[in-house]
Amino acid sequence: KRTFSLRWLLKKPPRPRDLNPVKEVSFQGHVIRELESGTIEVELDGQKLLPVKPVLRELAVRLNVSLVNPNGNALNTRQLGSQIIKSVQELAAR
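Here we summarise the structure given alongside this text. Numbers given to residues run from 1 along each chain, matching the order in which its sequence is written. Side-chain atom pairs in this predicted model are given and counted only at pLDDT of 80 or more, local residue features only at pLDDT of at least 70, and totals for whole chains, interfaces and linings cover all residues. Neither water nor hydrogens contribute to the side-chain values; these are computed over all heavy atoms in the structure.

**Observations regarding the side chain of E34**
Next up, step 1: Secondary structure elements follow DSSP: runs of H or I no shorter than four residues count as helices, runs of E no shorter than two count as strands, and numbering proceeds from the N terminus. Structurally, the position occupied by E34 is in strand β2 (residues 30-35).
Next up, step 2: Three labels apply to residues, based on accessible area from a 1.4 Å probe with only protein chains included: buried if under 20% of the type maximum, exposed if over 50%, partly exposed otherwise in between. Here the positive residues are Lys and Arg and the negative ones are Asp and Glu; neither His nor the chain ends is included. Just to be clear on terms, a salt bridge is a Lys or Arg side-chain nitrogen sitting within 4 Å of an Asp or Glu carboxyl oxygen. Nearest to the buried, unbridged E34 among oppositely charged side chains is K23, at 4.1 Å.
Next up, step 3: Contacts between residues were defined by any pair of non-hydrogen atoms, one from each residue, lying within 4.5 Å. Apart from the residues lying within four places of it in its own chain, the contact partners of E34 are P21, V22, K23, T39, I40, S82 and I85.

**Notes on the pattern of salt bridges**
Next up, step 1: This model, assessed by the stated rule, comprises five salt bridges.
Next up, step 2: Between E24 and R33 there is a salt bridge, with the nearest N and O atoms lying 2.9 Å from each other.
Next up, step 3: Take E24: its relative accessible area is 45%, and that puts it in the partly exposed class.
Next up, step 4: Residue classification places R33 among the buried residues on the basis of a relative accessible area of 14%.
Next up, step 5: Several salt bridges share partner residues, and in doing so they unite E24, R33, E41, E43 and K48 into one network.

**A look at the nonpolar core**
Next up, step 1: Throughout, nonpolar core names a set of buried Ala, Val, Leu, Ile, Met, Phe, Trp, Tyr and Cys residues whose side chains join them through atoms within 4.5 Å. Core analysis: the largest hydrophobic core is formed by 17 residues, its most contacted members being I32, V42, L56 and I84.
Next up, step 2: Elements that contribute at least two residues to this core include exactly β1 (21-27), β3 (40-44), α1 (53-63) and α2 (77-93).
Next up, step 3: Residues contacting L56, with those up to four places away along its chain left out, are I32, I40, V42, T77, L80, G81 and I84.

**A short note on the pairing of β2**
Next up, step 1: Taken across its six residues, β2 has six buried, putting it largely inside the fold.
Next up, step 2: On β2, burial covers both faces: H30, I32 and E34 on one face and V31, R33 and L35 on the other are all buried.
Next up, step 3: Should DSSP find at least two bridges between two strands, the strands are regarded as paired. Both β1 and β2 contribute to a ladder of six bridges, which runs antiparallel. Bridging across to β2, F27 finds its partner in H30.
Next up, step 4: Counting the residues between successive antiparallel strands, the hairpin from β1 to β2 contains two residues, one of them, Q28, with a positive phi of roughly 50 degrees.
Next up, step 5: In the sheet, β2 pairs with β3 via five bridges, with the strands oriented antiparallel. Looking at β3, one finds that E34 is bridged to I40.
Next up, step 6: Between the end of β2 and the start of β3, which pair antiparallel, lie four residues, with G38 showing a positive phi angle near 95 degrees.

Written out as structure tokens, the structure reads:
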């Protein structure tokens, strides 16, 4: 007869890691950050927005950034976030 611990069934919330932002831009009240891991964060009025992808899609439309790559496939969250950051940086440089 075997016994198993049920502890592994409990889901622990992941501990937030202290990752530094590599890039950070502000656009229309949103702060878009790319972290060291490549993760994209979006804040509005100091609050993190989750999930991020719908917000990024909305910002992409405002910035006229394509939602698909040259092959016609949808950009993932990291790719879309990077494109938005690049677009905002280009606008700021003008």
